[in-house]
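What the coordinates show
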Amino acid sequence: MALLAFHNTERPTGPQGADRDREEAGPEEAGPQQAGPEEAGPQQSALAEQPGETSPPGPVAASPARPSPEASAAARNRRPEGTAGPEEAIARALARLLFDQDGDRERVHAPWRRLIAQDAFRHRPGLTPRQRAAQSYTWLRLVNDALDDPLSLATDPALLTALHEWAAIVDGGGGLTTVASIHYNLFLGSILDHADHTSRDLSEFTSLRRVGTFLCTELDHGNDATALETTARHDPATGGFVLHTPHPGAAKFMPNTSSLGGPKAAVVAARLLVDDRDHGIFLFLTPLTDRDGPLPHVTVEPLPLRPNAPVDHCLTSFDHLPLPGRSLLQGEHGRLGPDGAFASSLGNRRKRFLTSIARVTAGKLCMSAAAVGASRAALAIAVRYGDRRLVSGSRPDRRIPVNAHRTHHGRLLQAVATVYAMTLLHRSLTAAWTRHTADDRDRLERLIALAKAWTTWQARTIALEARERCGAQGLLPANHLAGFPEYIEGTITAEGDNLLISTKAAAELLHHPPTSPVADQGPPHLTEPRFLRNLLAHTEQAFHAQARSALRSGPAHDPQGRWNSASGPALQRAHVHTALQAADALLAALAQTVDGPAHDVLRELAALFLLGQLAPHTGLLLADGHIGAHHVHGFPAAIDDLTHRLQPHLTTLTSAFDHPSAYLDALPLLQGDAERQRGTDDVP
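Attention now moves to helix 16 (residues 483-493). Residues Gly-483, Phe-484, Pro-485, Tyr-487, Ile-488, Thr-491 and Ile-492 constitute the buried set of helix 16. Buried residues along helix 16 sit against helix 10 (175-192), helix 13 (359-388), helix 15 (441-469), helix 17 (498-509) and helix 24 (661-665). Count one or two residues on from helix 16 and you reach Glu-495, which has phi positive near 60 degrees.

Attention now moves to the nonpolar core. Counting 143 residues, the largest nonpolar core has Trp-112, Tyr-184 and Tyr-420 as the members making the most contacts within it. Here the element with the most residues in this core is helix 13; it accounts for 15 residues. Listed in part, the 20 residues of the second largest apolar core include Leu-243, Ala-266, Val-268 and Phe-284.

In this section: the environment of Phe-121. Secondary-structure assignment places Phe-121 in the loop between helix 6 (110-116) and helix 7 (129-145). Spatially, the C-alpha atoms of Phe-121 and Leu-142 are 9.4 Å apart, while their sequence positions differ by 21 residues. Discounting residues that sit within four places of it in the chain, Phe-121 has contacts with Leu-115, Ile-116, Trp-139, Leu-142, Val-170 and Leu-176.

Taken across its six residues, strand 10 (residues 313-318) has six buried, putting it largely inside the fold. By the alternation rule, side chains of strand 10 split into His-313, Leu-315 and Ser-317 and Cys-314, Thr-316 and Phe-318, which are all buried. Here strand 4 (residues 252-256) pairs with strand 10 via three bridges, running antiparallel. What sits directly across from Lys-252, in strand 10, is Thr-316. Here strand 9 (residues 298-302) runs beside strand 10; their pairing, made up of five bridges, is antiparallel. Bridged to Val-298 within strand 10 is Phe-318.

Another aspect to go through is the sheet that holds strand 4. Taken together, the three strands give an open sheet; going across it, the order is 4-10-9, and neighbouring strands pair in antiparallel fashion. Every interior strand has two partners, whereas the edge strands, strand 4 and strand 9, have only one. Averaged over all pairs of adjacent strands, the angle between strand axes in this sheet comes to 40 degrees, irrespective of strand direction.

Our focus in this paragraph is unusual backbone geometry. A positive phi angle is found at His-480, which is not glycine, with a value near 75 degrees. Residues other than glycine seldom take positive phi values, yet Glu-495 does so here, at roughly 60 degrees. With respect to the helices and strands, Glu-495 occurs in the loop between helix 16 and helix 17.

Let us now look at the packing of helix 9 (residues 157-167) against helix 10. Running from N to C, helix 9 and helix 10 point in directions that differ by 165 degrees, and their axes come no closer than 9 Å. Looking at the two axes, helix 9 sits roughly antiparallel to helix 10. By crossing handedness, the relation of helix 9 to helix 10 is classed as right-handed. Contact with helix 9, carried on its side by Leu-160, Leu-163, His-164 and Ala-167, involves Leu-176, Thr-177, Ala-180, Ser-181, Tyr-184 and Asn-185 of helix 10 and no other residues of that element. Residue classes in the contact of helix 9 with helix 10 are distributed as six nonpolar, four polar and no charged.

For the coordinates displayed, the defined rule picks out seven aromatic pairs. Measuring from centroid to centroid gives 5.6 Å for Tyr-420 and Phe-657, while their planes differ by 45 degrees, and the two rings are tilted. Taken together, the residues span a long stretch of sequence, with Tyr-420 in helix 14 (residues 406-434) and Phe-657 in the loop between helix 23 (650-655) and helix 24 at a distance of 237 residues. Relative accessible area serves as the criterion here: at 1%, Tyr-420 is assigned to the buried category. Residue classification places Phe-657 among the buried positions, given a relative accessible area of 0%.

Scoring rules and cut-offs
- Residues numbered from 1 in each chain as written.
- Predicted model: local features only at pLDDT ≥ 70, side-chain atom pairs only at ≥ 80, totals over all residues.
- Heavy atoms only, no water.
- Buried < 20%, exposed > 50% of the residue type's maximum accessible area, 1.4 Å probe, protein only.
- Helix = DSSP H or I, 4+ residues; strand = E, 2+ residues; numbered from the N terminus.
- Contact = heavy atoms within 4.5 Å.
- Core = buried A, V, L, I, M, F, W, Y, C linked by side-chain atoms within 4.5 Å.
- Pairing = 2+ DSSP bridges.
- Axes fitted to C-alpha atoms, helices over the stretch in contact; angles between N-to-C directions.
- Parallel < 35°, antiparallel > 145°, perpendicular 65-115°, else oblique.
- Left-handed = near helix turned anticlockwise from the far one by under 90°.
- Nonpolar A, V, L, I, M, F, W, Y, C, P; charged D, E, K, R; others polar.
- Phe/Tyr/Trp six-rings, centres within 6.5 Å; stacked < 30°, edge-to-face > 60°.

Structure representation (C-alpha cells):
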C-alpha cells in the first residue's frame, strides 16, 4: 500500500491562510463558507430580497404548495451562530457518498487533495508551451516525492485513479495527468503485470532518475494495434533482440519521448520474431534518451506542442537498436528460453497481445477518473462564479446573481446530476476491478470500456457548458475552464478511441440479453426514480431487440453488411446500458442515505438525471406502451419542477465536491479584485 507523507510546511500559506486551513478540512469537517452580501448566491440575501426573480423579468408569485427557493433558503440559513446549518449537513453527507463509501477517503483522496492545494500547483502566467511541458515533469516529481512506494501506487486501482481525479484539475488538466498516467500506470504498471518483474531493479524509475513512457500506437496503426509493424528480432548470437522500425508508417506516434523532463525509458510494443517466425506482439523495456538527447539507433521527432495539453509528444523510431535478452517482458502468455525456444500458455497471438497490454484496462479507469475530476472542477467553478456574477434584475435598482435565472442554473443542475452519476459509476467499477477474478474479468473489462466512453463524452459536454456559463472569463487560461475541454478530448481518444471500444462492446453485448426491469418500480410518476429507472431498462431492451432483429434480417453471406444494419441500435443499447449502470450506482448511494434533507436532495437529483437520459427516447417508450401521452407531455414540467426544487441546493451540491479553497481562491474569476478579474496575463 502506498503511503503519502505530507508536512505542516506544505499547508497553504498567505493572506487567507487561516480561512484556507479551516476549509481544507472540506465539507466533511467544516462545510461551505457563507458568502458575503457582495457575493450573495441564489439562496442568500440578493434573492431573498426579491421573491420570484428565478424567472426572466416579471415577478412570479410562489404557490403556497411550492415555496420559493429564496424563502426556503432563508429559512435554512437562519441558525444560531457557531452551529452548522442544514446546507452544511447536506454537503457533508453528499461528500461522504462521493469520496468515502468504503471508509477510504483519508487514504485514497485526502493525500492528493492536500498535494494539489500547494502553491506550487497554481497557474503560472506567461510560460511558453515548452516551459509548460517542462512544468508537467516538475509537478510529476512533486507527486513522486510524496510517495512512500511508487510501485504500490501502480498496483492500487483506487489510489491510482484518485490521483487522476485530482491531478486533472491542476491548471486545466492535461500536463500532469498525462505524464503521471503514462509513468505510473502504463509504464510501471505494465512491468509489474509481468511475472519477471521481481528480478528487475526499478529504482531509477521509482526515483524518477529516468522517466517511463509507453510506445504502442504507430503512425499507420492506431485502433488496429494488433497490426503493429515494429519488430524485435531475436539474435541467437547474443541472446538479445534487435528493435527496428521497418518504414516511416511504423514509427511510434505521440508518446512523450524527448529528453524534456530528464532521461527516458519506454515499454515498447513490438512483434517478436524468432528464426523468421512471428510469435505476436510483446513488450520490451527500452532505454530512449539521456540528458543529451536520444541514444544511438533511436530517432525522436518532436510533434507540435499544444498549449492546453503541455506534453512533449513525439514520433519515435528505431534503427536496428540492440537490446539485451532481459528487455523482453515475459509471463505465462509467452517466454523465450536461452536457446530461443518459445513457450506460451496461449496459442493465439491476439490473446498474447491483449495480455501484454492488459494495463490499458486500468488506463481506461484512469481516463474516466480524470474526466470525472475535470467535470466536477468545471462545475464547481461555474456555480461559484454564477453566485458572484451579478446582473440586472427585473427592477432598475436591483442586481441579482446570474444563477438566479432558470436558463442559467437549469443547465448547470442537469450537468451536476450527471456528474454525481458519473462519479458513483466510477467508484463502483474501481471497487469491482480491485477485487475482480478471472471469471468476471471479461464482463468488467467490457463495462469499464463502455464507462470510459460514456463518461468522457459526458465530460466534454459538461466542460463546454461550464465554460460557456462563465462567458469571456471562461476563455482565459488562468481560469482553467478553457483547458478542460481540450484535455478531455485527449481522454476520449486515449486508451482506445471511444467509438471503437463502444462498438466492440456493443457487439459483445448482443450475446448478453439485458436484465429485466425490477418488479418494484414504484408509482408511475415522472419524479419517482425507481419508475424512471425501469423506463431506462425498457429502453435498453427495445434497442437490444432492434439490433438482434437487424442482425438476423441482414444480407446473407455478408457479415459486415449485417453488422452495419445492426450497429446503430446496438450502439444505442450500449449507451443506454452504461447510463443504466450509472443510474444504479446513483440509486445504490441513495439507499445508503437515511431519510432526511440529504436523502431528499439526492433523490431529486437522481430523478433529474434519469429524466435527462430518458428524454430522447420518449417516442420509443410511448410506442411500446411503457408510458402514456400524458407522460410525454409531462416531461418538461417534471424537469422544471425538479430544477425548481434543487436550485436552492446548487451551491451545496458542488461544495460537496470538496475542492481545496487554495485551488478555487486562486482563480481570477472568483476573486473580487477588478485588476485580477481581468486575468489577461496570458490570453491565447
